[in-house]
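So you can see what is in the structure, the chains are spelled out below.
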Amino acid sequence: MGITVPYQLSSGRTTCAADVDLADPAFWRLPRPERLRAFALLREADAPVLFTPRPGAARTSGKPFYALVRHADVRAASRTPQVFASAPGATTPEPAGWAKALFGHSMVNMDGPEHAALRRIISRRFTPRLLADVEENVGRLAGRLVDELIAERPRDFMASAAVRLPLEVICDLMGVPQALRRRIAEQIDHASAQVGVERRGRARLRVPGRGLASLARMQYVMGRLARERRRRPADDLVSALVCADVDGEALSGRQLGAFFSLLLVAGVETTRNALAHGVFLLDRHPEQRELLRSDFDRYAGGAVDEIVRYSTPIIQFRRTVTATHTLGGRTFLPGEKVALVYASANRDEAVFTRPDHFDITRSPNPHLGYGGGGPHHCLGAHLARLEMTALLRELSERRPIVRSTGDLGLVDSNFDNRVGSLPFTFGGTFT
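This section reports on the structure supplied with the text. The structure displayed is predicted, hence computed values, not measured ones.

Criteria and cut-off values
Residues numbered from 1 in each chain as written. Predicted model: local features only at pLDDT ≥ 70, side-chain atom pairs only at ≥ 80, totals over all residues. Heavy atoms only, no water. Buried < 20%, exposed > 50% of the residue type's maximum accessible area, 1.4 Å probe, protein only. Helix = DSSP H or I, 4+ residues; strand = E, 2+ residues; numbered from the N terminus. Pairing = 2+ DSSP bridges. Core = buried A, V, L, I, M, F, W, Y, C linked by side-chain atoms within 4.5 Å. Phe/Tyr/Trp six-rings, centres within 6.5 Å; stacked < 30°, edge-to-face > 60°. Lys NZ or Arg CZ within 6 Å of the ring centre and 35° of its normal. Axes fitted to C-alpha atoms, helices over the stretch in contact; angles between N-to-C directions. Parallel < 35°, antiparallel > 145°, perpendicular 65-115°, else oblique. Left-handed = near helix turned anticlockwise from the far one by under 90°. Contact = heavy atoms within 4.5 Å. Nonpolar A, V, L, I, M, F, W, Y, C, P; charged D, E, K, R; others polar. Expected span 1.5 Å × (residues − 1). Patch = residues over 30% accessible without salt bridge, like charges linked within 9 Å, V, L, I, M, F, W, Y side chains within 5 Å. Areas by Shrake-Rupley, 256 points an atom, 1.4 Å probe, with all protein chains shown as cover. Salt bridge = Lys/Arg side-chain N within 4 Å of Asp/Glu carboxyl O. Lys, Arg positive; Asp, Glu negative; His and termini not counted. Charge placed at Lys NZ, Arg CZ, Asp CG, Glu CD. Arc of directions from axis to C-beta.

**A few points about the pairing of strand E9 (residues 337-341)**
Judged by how many residues are buried, E9 sits mostly within the fold: five of five residues are covered. Residues Lys 337, Ala 339 and Val 341 of E9 are buried on one face, and the alternating residues Val 338 and Leu 340, pointing to the opposite face, are buried as well. One ladder, built from three bridges, connects strand E4 (residues 65-68) with E9; its direction is parallel. Paired with Leu 68 across the strands is Leu 340, a residue of E9. Direction of pairing for strand E6 (residues 316-321) relative to E9: antiparallel, over a ladder of five bridges. Paired with Arg 319 across the two strands is Val 338, which belongs to E9.

**Thoughts on the nonpolar core**
Among the nonpolar cores identified, the biggest contains 78 residues, and Phe 157, Met 174, Leu 256, Leu 264 and Leu 391 are the most heavily contacted of them. Looking at this core element by element, the count peaks at 14 residues for helix H10 (residues 253-284).

**Observations regarding unusual backbone geometry**
A cis amide bond, omega 5°, links Ala 87 with the succeeding residue Pro 88. As for its position among the elements, Pro 88 is in the loop between strand E5 (84-85) and helix H3 (97-103). Here Ser 363 and Pro 364 are connected by a cis peptide whose omega angle stands at 0°. By the secondary structure assignment, Pro 364 is in the loop between helix H13 (342-345) and helix H14 (381-397).

**Some words on the packing of aromatic side chains**
Within this structure, the stated rule accounts for 10 aromatic pairs. Between the aromatic rings of Phe 27 and Phe 39, the centroid separation amounts to 5.9 Å while the plane-to-plane angle is 55°, which identifies the pairing as tilted. With Phe 27 in the loop between strand E2 (16-20) and helix H1 (32-43) and Phe 39 in helix H1, this pair connects stretches of sequence that are 12 residues apart. On the basis of relative accessible area, Phe 27 is assigned to the buried category, the value being 5%. Linked through ring pairs, Phe 27, Trp 28 and Phe 39 together constitute an aromatic cluster. Above the ring of Phe 352, the side-chain terminus of Arg 309 is found at 5.3 Å from the ring centroid.

**As for the packing of helix H12 (residues 296-311) against H14**
Between H12 and H14, whose axes approach to 10 Å, the crossing angle comes to 125°. Judged by the inter-axis angle, H12 sits oblique to H14. As H12 runs across H14, the sense of the crossing is right-handed. Between H12 and H14, the contacting residues are Phe 296, Asp 297, Ala 300, Val 304, Asp 305, Ile 307 and Val 308 on the first element and Arg 385, Met 388, Thr 389, Leu 392, Arg 393, Ser 396 and Glu 397 on the second. Here the contact of H12 with H14 is built from residues that sort into seven nonpolar, two polar and five charged.

**Points about the environment of Gln 187**
Mapped onto the elements of the fold, Gln 187 is located in helix H7 (residues 178-192). Take Gln 187: its relative accessible area is 7%, and that puts it in the buried class. Separated by 74 residues in sequence, Gln 187 and Ser 261 place their C-alpha atoms 9.9 Å apart. Dropping the residues within four chain positions of it, Gln 187 is found in contact with Ser 214, Arg 217 and Met 218.

**Notes on H1**
Between its first and last C-alpha atoms H1 spans 17 Å; for 12 residues at 1.5 Å apiece the expected length is 16 Å, and the two agree. Within H1, nine of the 12 residues are buried, which leaves it mostly tucked inside the rest of the structure.

**Focus: the environment of Thr 270**
By the secondary structure assignment, Thr 270 is in helix H10. The partly exposed category is assigned to Thr 270, whose relative accessible area is 23%. As for Thr 270 and Arg 418, which are separated by 148 residues in sequence, their C-alpha atoms are 8.0 Å apart. Aside from chain neighbours lying at most four places away, what touches Thr 270 is Pro 313 and Ile 314.

**Thoughts on the sheet that holds strand E3 (residues 49-51)**
Reading across the sheet, the five strands line up as E3-E4-E9-E6-E5 and stay open at both edges, with mixed pairing between neighbours. Every interior strand has two partners, whereas the edge strands, E3 and E5, have only one. Running at roughly 120° to E9, helix H2 (residues 71-78) makes contact with E4, E5 and E9 of the sheet.

**What about a positive patch on the surface?**
Positive charge collects at one region of the surface, where Arg 183, Arg 217, Arg 224, Arg 227 and Arg 230 lie side by side. For the positive patch, the leading source of residues is helix H8 (residues 203-231), giving four residues. Note that Arg 227 resides in helix H8. You can call Arg 227 partly exposed: its relative accessible area is 44%.

**Observations regarding helix H11 (residues 286-294)**
Looking only at H11, the buried set comprises Gln 288, Arg 289, Leu 292 and Arg 293. Down the axis of H11, the buried side of the element spans an arc of 135°, and every buried residue falls inside it.

Here you go:
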């Protein structure tokens, strides 16, 4: 159960008592402003609050958990992985043992030497030359996709550039043949469609099975590609990852499959959601849009950071306590669960002045949109920034003024700030 706190509903009705219960799917169906007000009240509590699922009700998690909602607490827990562990699972529900055996162990659920070794192998392959090539490719792809936007005039931004840019960038980086990309895009949608979303009735069994089948298909594709690259290496990341370096380190087929699935599902989903939020926010704040257009190179970095802070594409990750530890006014015990609520930390008044104000000149901006630091800081943060910057540049300097024709079609989720649709059109003239 949660705590009872008073807050003003967005409808403008008289202030009333509301049950803030982060373990209840009904909370995640509330309008986003109401959830943010609830987070603000939780930040005022003396210590992190325990949320316990009620017996017999459909819940987002079957285990009690403490919510870390303050910026300082989320950052401290992220940088103390020996106490706040990602294993056995950073998401809910935790992955079953048989799923780990079948699909491999994802980096987000690893700790200690195992995680460090895998991250080292991957990080070493992102050489300066590779990163330079990626940046050039991202700019070229963004230009082509905006050309297509202007020519084809689709009505939904999510079905066009928002999805295609991160997918094409990652597939180019990995060396995935063009013939396989449409199929992979479909599998990503199936694998991520119900993460953090309440499921009812038969869907509780059917949807997870569909998601696992999609992961299996993606890993099958990557397994075939890995075998081919071991025989005939190419100038791509898959070849670099599966061929041993001077220290004899390389990824096994299962490790590559798990990394590829994480890179696709996490990298594509989070970036396309951030892109959609960014386009929507700049349209709804024309003074910020015009400021960005006035000197793109000066304001682009701040715009990307503020979009990520304001929208917070990943709402939360879970951790498991491994040792007695005091944080934020509470002593945690081994085996207890905590939620790192980034969506709350990024609106913490103790850190951000006017946190509900969208300001691309905000400085400093120590947001936790890529995690709170430590060993699990987002490996793809640099790539995400490149993609967002490139697309915003094209939309700004090419002068097609993107205007939303409705609200964001948000998907109810306790895991990510997911955008299902963004109806849009072009205004102004093209030059």
